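Here is what each chain is made of, one letter per residue.
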Amino acid sequence: MDFKDKINLNKLPQHIAIIMDGNGRWAKQQGEERIFGHENGVKSVRETVEAAAELGIQYLTLYAFSTENWNRPKEEVMALMQLLVHTISAETKTLNENKIRLQAIGDLKSLPQDCLHELNEAIENTKNNSRTTLVLALSYSSRWEIVNAVKQIAQQIENKTLSASQISEETINSFLCTASMPEPELMIRTSGEHRISNFLLWQLAYSEFYFTEKLWPDFRKNDFYEAILEYQNRERRFGKTSEQLIS
Ligand code: IPE
Ligand code: IPE
Ligand code: MG
């Protein structure tokens, strides 16, 4: 079934976040090494980014590498970083053609030099694009982000530029990597795992979660549309009752 035509363009989420999972299992199914799965996941990234830009989704955040992923075998980590460097530099032209701005969240300083260099260059070269912002979560974990925010807030209190009683949700928000972004209304995870694996713990407080059995390298535009359609059929109550939403 083709889901694109069923999407209500007036009810699109502003921000969609995706945990791209299942590359390793996909490769194993083909009798290949895990990295083969990561390589094939690039096509799914391309399709999803293109679909988001075509629809005019403002923010698309992709969880590409977590803080915990540093604990994988060295060869896999190195291969992933090389794939990242290569993909970012190869895709910059397409990002510009589709008016997509690239941003990144996470402990970027921990990335290898060449990776950080390519990333910063692509961010700089796409900074004036305004159709869709593609946010790569790299060396990212939500607890790292929250600890980082708390440290900065504590520093301001030490400097006496902030007092404890002034701290609000907005204060905390402003110290997160996502400070300038709307909260994701929809979070998608592929590969049949039902957990958030340290991703955007604060920002996903009221997001709708969509889980699919598809492994990431099999994820295509129509799967993305299906998730948006399911989101549009949900009732978001934010603690209220159904009746309150109607009146
Ligand atoms: C997601 O696929 C990509 C990254 C975490 C970098 P995985 O590599 O986690 O694949 P599975 O979950 O082991 O199948
Ligand atoms: C989450 O996937 C991280 C990314 C998709 C980058 P993992 O495969 O690392 O998560 P767990 O270990 O299954 O929770
Ligand atoms: Mg996984």
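Relevant structure appears above.
Residues numbered from 1 in each chain as written. Chains lettered and ligands numbered in written order. Predicted model: local features only at pLDDT ≥ 70, side-chain atom pairs only at ≥ 80, totals over all residues. Heavy atoms only, no water.

1. Points about the site of ligand 1
- Within the structure, ligand 1 sits among Met20, Asp21, Gly22, Asn23, Gly24, Arg25, Arg34, His38, Ala64, Asn69, Arg72 and Leu80.
- At a separation of 3.3 Å, an oxygen atom of ligand 1 approaches a polar backbone atom of Gly22.
- The backbone of Gly24 places a nitrogen or oxygen atom 2.9 Å from an oxygen atom of ligand 1.
- Notes on ligand 1: free accessible area 380 Å², of which the protein chains cover 87%.
- The element best represented in the shell around ligand 1 is helix H1 (residues 23-29), accounting for three residues.
- Grouping the constituent residues of the shell around ligand 1 by class yields three nonpolar, five polar and four charged. (Near = heavy atom within 4 Å. Polar contact = N/O pair within 3.5 Å; in protein donor to acceptor, adjacent residues only side chain to side chain. Areas by Shrake-Rupley, 256 points an atom, 1.4 Å probe, with all protein chains shown as cover. Helix = DSSP H or I, 4+ residues; strand = E, 2+ residues; numbered from the N terminus. Nonpolar A, V, L, I, M, F, W, Y, C, P; charged D, E, K, R; others polar.)

2. Brief notes about the site of ligand 2
- Looking at ligand 2, the residues that line it are Ile19, Met20, Asp21, Tyr63, Ala64, Phe65, Ser66, Asn69, Arg72, Arg189, Arg195 and Ser197.
- Taking 390 Å² as the accessible area of ligand 2 by itself, protein coverage stands at 77%.
- Tallying contributions element by element places strand E2 (residues 59-66) first for the shell around ligand 2, with four residues.
- Taken together, the residues of the shell around ligand 2 sort by class into five nonpolar, three polar and four charged.

3. Regarding the packing of aromatic side chains
- Inspection of every chain in the model, using the stated rule, returns eight aromatic pairs.
- Summarising the aromatic geometry, the rings of Phe209 and Phe211 are spaced 6.1 Å apart at their centres and angled 90° between planes, so their arrangement reads as edge-to-face.
- Considering the side-chain rings of Trp216 and Phe219, the 5.0 Å spacing of their centres and the 20° angle between planes classify their relative orientation as stacked. Side by side, Trp216 and Phe219 carry an identical accessibility label, which is buried.
- Aromatic rings pair up to connect Tyr63, Tyr140 and Phe199 into one cluster. (Phe/Tyr/Trp six-rings, centres within 6.5 Å; stacked < 30°, edge-to-face > 60°. Buried < 20%, exposed > 50% of the residue type's maximum accessible area, 1.4 Å probe, protein only.)

4. Details of the pattern of salt bridges
- Using the criterion set out here, one finds 18 salt bridges in the structure.
- For Glu193, the salt bridge identified is with Arg25, shortest N-O distance 3.1 Å. Pair noted here: Glu193 is in the loop between strand E5 (186-189) and strand E6 (208-211) and Arg25 is in helix H1, with a separation of 168 residues, a long-range link.
- When the shortest N-O distance is used, the salt bridge between Glu193 and Arg195 registers 3.4 Å.
- Owing to a relative accessible area of 46%, Arg195 belongs among the partly exposed residues under this scheme.
- Residues joined in a network through salt bridges with shared partners are Asp21, Arg25, Arg189, Glu193 and Arg195. (Salt bridge = Lys/Arg side-chain N within 4 Å of Asp/Glu carboxyl O.)

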